[in-house]
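Structural overview
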Amino acid sequence: MDAEELHESILKNSQITFSRSDGKGGQNVNKVNTKVHLTLPLAAVKGITDEERERLCTKLSALINNEGCIYISVDDERFQEVNRKIAFDRIESRIVNALRIQKKRKKTKPTKASKEKKLKLKRIRSEIKKNRAKVLFP
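Attention in this report is confined to the structure presented alongside it. All of these numbers come straight from a predicted model, not from anything done at the bench. (Residues numbered from 1 in each chain as written. Predicted model: local features only at pLDDT ≥ 70, side-chain atom pairs only at ≥ 80, totals over all residues. Heavy atoms only, no water.)

Some points on the side chain of Asn83
You can see Asn83 is positioned in helix H3 (residues 80-99). Beyond its immediate chain neighbours, meaning those up to four positions away, Asn83 contacts Thr34, Val36, Val74, Asp75, Asp76 and Glu77. (Helix = DSSP H or I, 4+ residues; strand = E, 2+ residues; numbered from the N terminus. Contact = heavy atoms within 4.5 Å.)

Re the pattern of salt bridges
Here the structure, examined in full by the defined rule, presents 5 salt bridges. Here Arg55 ties to Glu51 by a salt bridge, and the two come within 3.6 Å at their closest N and O atoms. Note that Arg55 and Glu51 are positioned in helix H2 (residues 50-59) at a spacing of 4 residues, about one turn of the helix. Across the pair Glu127 and Lys130 runs a salt bridge, and its minimum N-O distance is 3.8 Å. Of this pair, Glu127 and Lys130 both sit in helix H4 (residues 112-131), separated by 3 residues, roughly a single helical turn. Residue classification places Glu127 among the partly exposed residues on the basis of a relative accessible area of 41%. Looking at Lys130, the relative accessible area reads 56%, which means it is exposed. (Salt bridge = Lys/Arg side-chain N within 4 Å of Asp/Glu carboxyl O. Buried < 20%, exposed > 50% of the residue type's maximum accessible area, 1.4 Å probe, protein only.)

Here's the deal with a positive patch on the surface
A surface patch of positive charge is lined by Lys109, Lys115, Lys118 and Lys122. On the secondary structure map, Lys122 appears in helix H4. (Patch = residues over 30% accessible without salt bridge, like charges linked within 9 Å, V, L, I, M, F, W, Y side chains within 5 Å. Areas by Shrake-Rupley, 256 points an atom, 1.4 Å probe, with all protein chains shown as cover. Lys, Arg positive; Asp, Glu negative; His and termini not counted. Charge placed at Lys NZ, Arg CZ, Asp CG, Glu CD.)

The following block contains the structure:
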């Protein structure tokens, strides 16, 4: 993955539309188009291999529509330019995170000391609960 080429292709190939946003905005909320809808065709993304493109399709399947485009909408802020920047940052970070290969987890067993510590704490807890019982005087 070439990060610079990926960044440039996202900026170049994205289609942006704007709409009225619900949420914060005060008296401007029904007058100004601040919500950003960003669409990026997956085929137009440069800087990734075909194998990485397939991995993107599986990992980001919730964001990909029927035409094979990644779709994100942002209405976090009151200003269109800020939402636009957030949308570009968000789509780039999602792509980069989806392409990152996670390390496999190695299974481990509890150590002898941790087993003993657990049993000791259980005994202490048991004593605390026993001492709560009502005492009967003969």
